[in-house]
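Letter by letter, the chains look like this.
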Amino acid sequence: MGESLPSGAQHHSDALRKPVKTLRVKMALLGSSGVGKSSLAIRFSKDQFSSTSPTVGCAYFTRMVHLSDVTFRFEIWDTAGQEKYHSITPLYYRGAHAVLLVYDISKRETFVRAQVWLKELEKQYIAGSTVIWLVGNKADLDTDRQVSTREGQSLANERGLFFMETSALSGDQVSELLLAIAHRVNECIGEQQGGLSEWQEPTLVDLRHPGRFNPFGYCCKVGP
Amino acid sequence: MERANHQEGEAQGVRICDPPSESNPPADTLATSLSLLGNHMFPDPVERLGSTTVSRDDPANSSDVTAEEPSVDAEPPSNQLMKLETEDTETSESQPVVSAQPADRGTEDAAADNDQNDSGEFVVAMLAKAKLEEQGIGVKGRSSPLLEAGTQESPTFTSHRDEDVTADSWRQHRKHVFVLSEAGKPIYSRYGSEEALSSTMGVMMALVSFVQSSDNIIRSVYSEEHTVVFLQKGPLVLVCVSSSRQSEQQLRGELMYVYYQIISMLTQASISRIFEHKKNYDLRRLLAGSEKILDGLLNLVDSDPSFLLAAVHCLPLASSLRDSLSQILQKAITPNLVFSILIAKNQLLTIVQEKTVIEDTRLEPADVHLLLNLIGASSAFQAGEIWTPICLPLFNPDCYFYAYISYLDPPDCTVCLLLLSTDKEAFYAVAECKRKIEEAMETQNSLSLIAKAQSYSVSQVGVSDLRHFMYKPFDVPDNYRQLTQFTSPEMEAPYGSEEEKMRLLDLYRYMHSRIHSTSRPLKLIYHVAERETLLAWVTSKFELYTCFSPLVTKACAITAITKLLRWIKKEEDRLFIRYPPKYSTTPNPSKSSRGGKSDQQDSTDNGFLSLL
Ligand SMILES: Nc1nc2c(ncn2[C@@H]2O[C@H](COP(=O)(O)OP(=O)(O)OP(=O)(O)O)[C@@H](O)[C@H]2O)c(=O)[nH]1
Ligand SMILES: [Mg+2]
């Protein structure tokens, strides 16, 4: 490949050369403002923790995850929790293969809010096309805890969600979470016909067909 | 106080009727004009210190004569314009210098206010000082029940600003800005929490609705220390309480920016719909987290003359570099992409626009200001690629664009790319444009070239007495439909400190208000201030504000300005974005014939009503 790569691309396209396929996984983070969605997303994509401002609209990140037989390119849609964005949030999570419902273990109202999000999701999603995780973040704030681990776990069990407590601050359980999601997605969706689309390095092809790029989010079973 | 120093020379506004047309070379015109100054010094207008006025619109122009006659003093009934002028002359006596406000006034205030322990009373007292009752508005008799209307307020969100609104320091802020709903619900306050201020807002709303009930719209209230300006936009009421000595028009313009920034987040249509359904809706729910953006806007309004001039300031750049950047943007396009904007250090590098869009409308400076403020006010854009709805209120107040925002030089985050599309589904296509732009910039080494670009020093002009200037060319056929821009050097010594910067800006604001006075607009002002001499000049081709060292002679000023204009002419390709390039995205059948406007947004999508 003689072409130069876009300077910002963190991921080389050697994946294309290997027998291992690279599949695109759309993942959305939902939850109240301030629970740490962006902090988790930044952990996922760069394994860093930096100070954040409330997200404006939605922030998009990517991250490659290699499993033994497949590579996933996680396309992470970190939505804004502020109320003014609620009406457009479906634009961002529509067609997601994985959804993280994030709450802050030190703020009960964010746990309540996560359940409201869940209700909204349930209206739209079709079983088998999306894996949903309930994520109690800020686990480092154990002394201020308002939602017990057991409570989170039992809500998850009740509603058929996966559950994990994380700390974006310390990094605790963050990469474990991402890996677990990758495995679940692989089991639940990856095997299905047309469940996940293949990732192509766009540099070569799309320069000449700017309008043809087919956004992948719309091939999913979840309708708008 | 500083007043003693301002002799007549200082108020030498001279109206030059029918200025010589453009056929005269600028320098001649100026020389002629200046020579007039010596012979036609206008005596100081009658001193009217201490007079307070209330001006209103009377849309019905009704027979409500008494309400139309607010003057306390012996002046004949004057229209609003004349009152503005009154304010103007007051201003020229106590020069609009910030430093005129400290110690004395502070103690005065403290003495007068020492029995107040509530921000609401502050406003009441302030309004009382403005002798409202005596002006035929008659708030006096009815005030109490109305005042109480706003005092009970359900606690909702706790605001992060915990400034004590009962403290003197709160009162002494130079410029307060409040936003409230027509029902008197607090929406935003620049200082202190809206919650703690609910009674204040109630008072203001009472005032507004009272005046409305008699078919008038309250516009402004003047007292000795403060100007209070009201602006009603749809269901929102914006109030500015300022001791900055700016003109009413300027303060109103600033309130418009605040309104537009709110619109840019929520759209006018949504706000109207929300309040149609629920009159006492608490809009803070939707603005929660955006206070920083409004705070940032107000700080910029105070410190950046772009807002005063309603023009955009671009980063000076070799025209070859700017052209190559524009070409890069022009090549990276996709259907429904309408604006590609490149920003460095919070200043414009270039803007490229879709062809059909520019035929219809052009990008207004105010919309650019709002975008720049949004990006500058939040670090949210520094991580990831942002895809967010955003409304450009002057372009179309009711629709959203979808903005792709990403910095091109992480982790420094100084060069920012902004791509505006009318298609909310276009993220991947637009992100692909960014990658092309990034790649092309890499090939041309653009980032390091941009990094070298910087504002210029006034010393480059090579005129010894010239300390600073602002030059705004007008929209003449020459640069047709171009984004209105201005150019200005860095503020350097003696305007290096924040206080001195502000003092110079205040002088400019004062000159600007004189030039743009609706009652007595001036073409040329030569203003001998205490520590500098200013000259403001407006022609059909440009608006120019210059600041000289205090001892400059008129002759020197003339020569200086001639030189300056020549220098600008020579440098204009570097100082301005010339002939903004356009592109044409592939024809798109879904685009309506009227084109341009983001009319593909279905209105249901940006409605917040589902949440009410
Ligand atoms: N103690 C602790 N603080 C955290 C953790 N994760 C995030 N924070 C802090 O919580 C605050 C909010 O974090 P964000 O990541 O911006 O929250 P968000 O969910 O993205 O908020 P919105 O974008 O407004 O929806 C920041 O000050 C973070 O530093 C965590 O695991 N532990
Ligand atoms: Mg966030």
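Note that this is a predicted model, so its numbers are computed, not measured. (Residues numbered from 1 in each chain as written. Chains lettered and ligands numbered in written order. Predicted model: local features only at pLDDT ≥ 70, side-chain atom pairs only at ≥ 80, totals over all residues. Heavy atoms only, no water.)

Caption draft 1: Geometry of the sheet that holds strand β3 (residues 70–79) of chain A. Strand order in the open sheet formed by 12 strands is β6(A)-β5(A)-β4(A)-β1(A)-β3(A)-β2(A)-β11(B)-β12(B)-β13(B)-β9(B)-β10(B)-β19(B), and the pairing between neighbours is mixed. Two strands lie at the open edges of the sheet, namely β6 (162–165) of chain A together with β19 (582–583) of chain B, each paired on one side alone. In this sheet, β3 of chain A lies alongside strand β2 (residues 58–66) of chain A in antiparallel orientation, the contact comprising 9 bridges. Residue Val65 of chain A lies in a different strand from β3 of chain A, and its bridge partner there is Phe72 of chain A. Sheet contacts for helix α4 (residues 108–124) of chain A: β1 (21–30), β4 (98–104) and β5 (131–137) of chain A; angle to β4 of chain A, the most-contacted strand, approximately 160 degrees. In the packing of helix α15 (residues 365–377) of chain B onto the sheet, contacts are made with β9 (337–344), β10 (347–354), β11 (385–390), β12 (401–407) and β13 (415–421) of chain B, and the angle to β13 of chain B comes to roughly 125 degrees. (Pairing = 2+ DSSP bridges. Helix = DSSP H or I, 4+ residues; strand = E, 2+ residues; numbered from the N terminus. Contact = heavy atoms within 4.5 Å. Axes fitted to C-alpha atoms, helices over the stretch in contact; angles between N-to-C directions.)

Caption draft 2: Just helix α9 (residues 268–277) of chain B, in detail. All names here are of chain B. Within α9, burial applies to Ser270, Ile271, Ile274 and Phe275. Along the axis of α9, the buried residues cluster in a sector spanning 120 degrees; they form a single face. Those residues of α9 that are exposed and aimed more than 90 degrees away from the buried face are Glu276 and His277. (Buried < 20%, exposed > 50% of the residue type's maximum accessible area, 1.4 Å probe, protein only. Arc of directions from axis to C-beta.)

Caption draft 3: The packing of aromatic side chains, seen in detail. Tallying each qualifying case throughout the model produces 24 aromatic pairs over all chains. A centroid spacing of 6.3 Å and a plane angle of 85 degrees characterise the contact between Phe275 of chain B and Tyr281 of chain B, whose relative ring orientation is edge-to-face. For Phe275 of chain B, a relative accessible area of 6% gives the class buried. Aromatic ring contacts, followed pair by pair, group Tyr60, Trp77 and Tyr92 of chain A together with Trp387, Tyr402, Tyr404, Phe427 and Tyr428 of chain B into a single cluster. When the ring centre of Trp199 of chain A is taken as reference, the NZ or CZ atom of Arg73 of chain A above it lies at 3.5 Å. (Phe/Tyr/Trp six-rings, centres within 6.5 Å; stacked < 30°, edge-to-face > 60°. Lys NZ or Arg CZ within 6 Å of the ring centre and 35° of its normal.)

Caption draft 4: Highlighting the site of ligand 1. Residue and element names in this part refer to chain A. Near ligand 1 there are 21 residues, and of these Ser33, Lys37, Ser39, Thr52 and Gly81 occur at the shortest range. Here a nitrogen atom of ligand 1 sits 2.7 Å away from a polar atom, N or O, in the side chain of Asp140. The side chain of Ser167 places a nitrogen or oxygen atom 3.5 Å from an oxygen atom of ligand 1. No other element matches the 3 residues that helix α2 (residues 37–46) contributes to the shell around ligand 1. (Near = heavy atom within 4 Å. Polar contact = N/O pair within 3.5 Å; in protein donor to acceptor, adjacent residues only side chain to side chain.)

Caption draft 5: Quick look at the confidence of the model for chain B. All names here are of chain B. In this model, chain B carries an average pLDDT of 72, and 62% of its residues clear a pLDDT of 70 or more. Note on residues 1–117: pLDDT is under 50 here. Beyond four places in sequence and across chains, it has 197 contacts. The complex prediction reports pTM at 0.77, with the ipTM value standing at 0.83. (pLDDT = per-residue confidence, 0-100.)

Caption draft 6: Just the pairing of strand β7 (residues 236–242) of chain B, in detail. All names here are of chain B. Most of β7 is tucked away: 7 of the 7 residues are buried. By the alternation rule, side chains of β7 split into Leu236, Leu238, Cys240 and Ser242 and Val237, Val239 and Val241, which are all buried. Inspection of the sheet shows strand β3 (residues 175–181) paired to β7 by 7 bridges, in the antiparallel sense. Among the inter-strand pairings, Leu180 is bridged to a residue of β7, identified as Val237. Relative to β7, strand β6 (residues 227–233) is paired through 7 bridges, and the arrangement is antiparallel.

Caption draft 7: Spatial organisation of the coordination of the magnesium ion (ligand 2). Residue and element names in this part refer to chain A. Donor atoms from the polypeptide that bind the magnesium ion (ligand 2) are Ser38 (OG) and Thr55 (OG1), placed at 2.0 Å. Of this pair, Ser38 sits in helix α2 while Thr55 sits in the loop between α2 and β2, and the two are 17 residues apart along the sequence. As far as the burial class goes, Ser38 and Thr55 line up, both buried. (Donors = N, O, S within 2.8 Å, 3.2 Å for Na, K, Ca; no water.)

Caption draft 8: Up close: the state of the cysteines. Scanning the model with the defined rule gives 0 disulfides over all chains in all. Not engaged in a disulfide, the cysteine Cys547 of chain B finds its nearest cysteine sulfur in Cys556 of chain B; these two sulfurs lie 15 Å apart. (Disulfide = S-S within 2.5 Å.)

Caption draft 9: Molecular detail of the nonpolar core. Residues Met27, Phe72, Phe74 and Leu100 of chain A together with Phe339, Leu348 and Trp387 of chain B are the most contacted members of the largest nonpolar core, which totals 143 residues. At 11 residues, the largest contribution of residues to this core is made by helix α8 (residues 248–266) of chain B. Two domains each put at least three residues into this core: domain 1 (51–303) and domain 2 (312–454 + 584–611) of chain B. (Core = buried A, V, L, I, M, F, W, Y, C linked by side-chain atoms within 4.5 Å. Domains from an automatic or database assignment.)

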